[in-house]
Amino acid sequence: MFSVGGEAPRVGWRDGDDLVDLSGLGDVYTQSSLNALMALGRDAWAESLALARSHDGPRFRVAEVTALLPVAIGDFVDFNSSLEHATSIGRMFRPQGDPLPVNWRWLPIGYQSRAGSVVVSGTGVHRPSGQRKTGETPTFGPSERLDIELELGFVIGTPSTHGEPVSVDAAAKHVFGVALLNDWSARDLQAWEYVPLGPFLSKSFQTSMAAWVTPLALLEEHRVEAPQQEPPPLSYLDGGRDWGLDIPLEIELNGEVISHSNVQTLYWTMPQQLAHATSNGAALRTGDLFGSGTVSGAEPGTGGSLIELTQNERFLADGDEVVLRGRGLAEVRGRVLPTV
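Now for a look at the structure at hand. Just so we're clear, the structure is a prediction, and the values are computed from it rather than from any experiment. For every chain, the first residue of the written sequence is number 1, and numbering continues from 1 along that sequence. Local features in this predicted model are restricted to residues whose pLDDT is 70 or higher, and side-chain atom pairs enter the listing and the counts only when it is 80 or higher, whereas totals over whole chains, interfaces and linings include all residues. Only hydrogens and water are removed before side-chain values are computed, so all heavy atoms of the structure are retained for them.

## Remarks on the environment of isoleucine 247
Then, in step 1: Secondary structure elements are defined from DSSP: runs of H or I of at least 4 residues count as helices, runs of E of at least 2 residues count as strands, and each element is numbered from the N terminus. Within the fold, isoleucine 247 resides in the loop between strand 19 (244–245) and strand 20 (248–253).
Then, in step 2: For each residue, the accessible area found with a 1.4 Å probe, counting protein chains only, is set against the maximum for its type, and the residue is called buried under 20%, exposed over 50%, and partly exposed in between. Since its relative accessible area comes to 0%, isoleucine 247 is described here as buried.
Then, in step 3: Separated by 24 residues in the primary sequence, isoleucine 247 and arginine 223 place their C-alpha atoms 8.9 Å from one another.
Then, in step 4: Setting aside residues up to four positions removed in sequence, isoleucine 247 forms contacts with Leu219, His222, Ser261, Asn262, Val263, Gly326, Arg327 and Leu329. Contacts were defined at the residue level, with two residues in contact if any of their heavy atoms lie within 4.5 Å.

## Things to note about the pairing of strand 6 (residues 76–79)
Then, in step 1: Of the two faces of strand 6, both are covered, the one formed by Phe76 and Asp78 as well as the one formed by Val77 and Phe79.
Then, in step 2: Strand direction decides the pairing type here: strand 6 and strand 7 (residues 110–113), joined by 4 bridges, are antiparallel. Bridging from a neighbouring strand, phenylalanine 76 pairs with serine 113 of strand 7.
Then, in step 3: Of the strand pairs in this sheet, strand 6 and strand 22 (residues 289–291) are connected by 3 bridges, and their pairing is parallel. Considered in strand 22, the bridge of aspartate 78 is made with glycine 291. A pair of strands is treated as paired once DSSP finds two or more bridges between them.

## Topic: the pattern of salt bridges
Then, in step 1: Salt bridge, as used here: a side-chain nitrogen of Lys or Arg that lies within 4 Å of a carboxyl oxygen of Asp or Glu. Throughout the structure, instances matching the rule amount to 22 salt bridges.
Then, in step 2: Aspartate 147 is the partner of arginine 187 in a salt bridge, and the nearest nitrogen-oxygen pair spans 2.9 Å. In this pair, arginine 187 is assigned in helix 5 (residues 187–193) and aspartate 147 in strand 12 (residues 146–147), connecting sequence segments 40 residues apart.
Then, in step 3: Arginine 314 is the partner of aspartate 320 in a salt bridge, and the nearest nitrogen-oxygen pair spans 3.1 Å.
Then, in step 4: Residues joined by salt bridges that share partners form a network here, namely Glu250, Glu252, Glu321, Arg325, Glu331, Arg333 and Arg335.

In structure tokens:
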């Protein structure tokens, strides 16, 4: 979604450094989000790709337009699907216990976050305030351990019926496309609040989303077998292992690349995540956003967050700029601003 000179939003197709204006193709291309197009289903998505590739519409340089949040987001669910990230963070937060919760290998752990806090790439992030425990009693103030989380997001196009779970085999039919996410995290707030119900204010203040959604159909050549799961998952989660994605990722901090990882390391795949999220009958809606959780590898320099990369020694300072990139995906950029 983009606009030029304050004009109405419309849908664009990215061709290198150019943007092709698709508004001449019909009403669904002149909306304020991709939701109307996404709701039409897979046949319409395939047709839209063919039309976009052949359309001789007006062209703009990407740098000359205003990029808008591409999706009107209904619900935002964030998972924790990287074994390496979960283990690393668990060791830091629970040094005396098992780094992995007892249920971690049995189900894709996740939580509901705030759809209203998702912003488009390029939006600055104000340092959040909240409670943290530094002594005998908690204190309230600006976070001193502001961090990033490199994630892959999945956007729902075709909705499902309330009360009817979506199977692993059918899950991909509901996904329109993917986009990188930066789930900014306040680690000092998180350490104090996450027991017993999990993250809350430490995550809900802002999540940055790429301005471009890559249609799922364009990722077919990147599909690989996901890592082996042990123990084998329960029957409703059995499958979806051919939805590992070989997509190299990187994190840049103030102009320096500090991490390289790959989506294919994720333990839980997108179809398993969606099957679990709907296993109780919860419905998918057009525009729902699901985050993979931080993508981290096992080797040094492959962490998806600063807390892993620096072993709890370095967090974000005001003025720091973070850029997340992935092959074939649009970047996510954001700069840290002072607390309001």
